[in-house]
Amino acid sequence: MTKSKTKSKSGKSKGTSEASLRKAVVMAARTMSARGLSPGRSGNVSVRWRDGMLITPTALAYDAMKADDIVFVADDGTWSKSVRAPSSEWRFHQAAYRQRPDRHGVVHTHSLHATALACAHKPIPAFHYMVAVAGGRDIPCVPYATFGTEDLARHVAQGLSERDACLMANHGQIAIGSTLDAALELAFEVETLATQYVAVLGLDAVLILSDEEMADMVERFKSYGKNRDG
Ligand code: 13P
């Protein structure tokens, strides 16, 4: 097992051994579930590891999930048959890592408002400046494809090519980050923005910020909070 230390987004040192990453995946999955972002057994979480990823197993209740249940899926899409089967969505996690080599964590949820917008095929436009935390002037909604398929993975790769989050039609949302913590935080933010946007749609008065303003916001978010402690 390789052991090393890196600085987390919060500035604290975090272990990056396989053991600590397995625990981090379980923690992230449980937090996602405890905060109501993934009804039932929906959703999945992964972190980049070696030439592949460590990912939550398919169809296992989050409360029962342990570090040993997390599955290593190699870049060629194989995993050890002696362990649990990986999330049925490992293909779009792999597509996200291939598309964005600078991103190291992936969180997928069926959170209520993001999923409602995805079912209406409505991307989230620049109704609020915080949309820029996903890296651009909107949070796109990629076309529908059956869960677990290469087609869905292709759509997700396209949706994440210039954004850190996208909606998936008739399905849910996916968020990526330079760390797993960052991906989780963004998934929460996407759900918050989706909740606000649904409320604004009810007012029938969506006022969109200009492309220029949003380009400025994207730049500001590149350095926002970089020196915060903890
Ligand atoms: P898994 O349990 O296979 O990860 O599937 C859950 C899900 O949300 C599929 O999109």
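Cut-offs used in this document
- Throughout, a residue's number is its position along its own chain's written sequence, starting from 1.
- This being a predicted model, a pLDDT of at least 70 is required before a residue's local features are given, and a value of 80 or more before pairs of side-chain atoms are given or counted; all residues contribute to the totals for chains, interfaces and linings.
- For the side-chain quantities, the full set of heavy atoms in the structure was used; hydrogens and water were omitted.
- Helix numbers and strand numbers start at the N terminus; a helix is a DSSP run of H or I with at least 4 residues, a strand a run of E with at least 2.
- The contact criterion used is simple: two residues touch if any of their non-hydrogen atoms lie within 4.5 Å.
- Neighbouring residues are identified by heavy atoms, a residue being near a molecule or strand if any of them is within 4 Å of it.
- Polar contacts here mean pairs of N or O atoms no more than 3.5 Å apart (in protein, one a potential hydrogen donor and the other a potential acceptor; neighbouring residues in sequence count only if both atoms are side-chain atoms).
- Accessibility throughout is a Shrake-Rupley quantity obtained with a 1.4 Å probe, and a residue counts as covered only by protein chains that appear here.
- Gly falls in the polar group here, along with every residue not listed as nonpolar (Ala, Val, Leu, Ile, Met, Phe, Trp, Tyr, Cys, Pro) or charged (Asp, Glu, Lys, Arg).
- By the convention used here, strands pair only if DSSP detects at least 2 bridges between them.
- Axes here mean lines fitted to C-alpha atoms, for a helix over just the part in contact, with angles spanning 0 to 180 degrees between N-to-C directions.
- Working definition: with a 1.4 Å probe on protein chains only, accessible area under 20% of the residue-type maximum means buried, over 50% means exposed, and in between means partly exposed.
- Aromatic contacts are taken between Phe, Tyr and Trp rings whose centres are within 6.5 Å, Trp giving its six-membered ring; a plane angle under 30 degrees counts as stacked, one over 60 as edge-to-face, and the others as tilted.
- What we call a nonpolar core is a set of buried Ala, Val, Leu, Ile, Met, Phe, Trp, Tyr and Cys residues that are connected through their side-chain atoms within 4.5 Å.

Trainee: Pulling in residues and values, what's your account of the side chain of Ser-38?
Mentor: Note that Ser-38 resides in the loop between α1 (18-34) and β3 (44-49). Once you skip the residues sitting within four places of it in the chain, Ser-38 turns out to touch Met-32, Ser-33 and Tyr-62.

Trainee: Describe the site of the ligand, with residues and values.
Mentor: Taken together, Arg-41, Ser-42, Gly-43, Asn-44, Thr-58, Ala-59, Ser-87, Ser-88, Glu-89, His-108, His-110 and His-171 are the residues near the ligand. Here Ala-59 contributes a backbone N or O atom positioned 2.8 Å from an oxygen atom of the ligand. Relative to its free-state accessible area of 300 Å², the ligand is covered by the protein chains to the extent of 89%. Class assignment for the residues of the shell around the ligand results in one nonpolar, nine polar and two charged.

Trainee: Please give an account of the sheet that holds strand β8 (residues 165-168) that cites residues and values.
Mentor: A sheet is described by the order of its strands in space; here seven strands give the open sequence β5-β4-β3-β6-β9-β8-β7, paired in mixed fashion. Each of the sheet's edge strands pairs with one partner strand only, and the pair in question is β5 (71-73) and β7 (141-142). Relative to strand β9 (residues 172-177), strand β6 (residues 105-109) runs antiparallel, the two being bridged by five bridges. Bridge assignment links Val-107 to a residue of β9, and that residue is Ala-175. Helix-sheet contacts for α1 involve β3, β4 (52-55), β5 and β6, and the interaxial angle to β3 is about 155 degrees. Lying over the sheet, helix α4 (residues 150-159) contacts β7, β8 and β9, oriented at roughly 145 degrees with respect to β8.

Trainee: Now, about the pairing of β9: what can you tell me, with residues and values included?
Mentor: Burial runs high along β9: six of the six residues are buried. Judged by which residues are buried, β9 turns out to be covered on both faces: Gly-172, Ile-174 and Ile-176 on one side and Gln-173, Ala-175 and Gly-177 on the other are all buried. Where β8 and β9 come together, four bridges link them in antiparallel fashion. Counterpart to Cys-166 in the pairing with β9 is Ile-174. Taking the residues between adjacent antiparallel strands as the criterion, β8 and β9 are bridged by three residues, where Asn-170 takes a positive phi near 55 degrees.

Trainee: So what's going on with the packing of aromatic side chains? Which residues, and what values?
Mentor: Overall, the coordinates contain four aromatic pairs when judged by the stated rule. Summarising the aromatic geometry, the rings of Phe-127 and Tyr-197 are spaced 5.2 Å apart at their centres and angled 35 degrees between planes, so their arrangement reads as tilted. In this pair, Phe-127 is assigned in the loop between α3 (112-119) and β7 and Tyr-197 in helix α5 (residues 180-203), connecting sequence segments 70 residues apart. Pair check on accessibility: Phe-127 and Tyr-197 agree, each one buried.

Trainee: I'd love a proper account of the nonpolar core, names of residues and values included.
Mentor: Counting 45 residues, the largest nonpolar core has Val-45, Val-107, Ile-124, Ile-139 and Leu-167 as its most contacted members. Mapped by element, the contributors of at least two residues to this core are α1, β3, α3, β8, α5 and α6 (211-223). The greatest single-element share of this core, amounting to eleven residues, is contributed by α5. Apart from residues no more than four positions distant in its own chain, Ile-124 is found in contact with Leu-117, Val-131, Asp-138, Ile-139, Leu-167, Val-190, Ala-194 and Tyr-197. Residues Ala-96, Leu-160, Cys-166 and Ile-176 belong to the second largest nonpolar core, which totals 21 residues.

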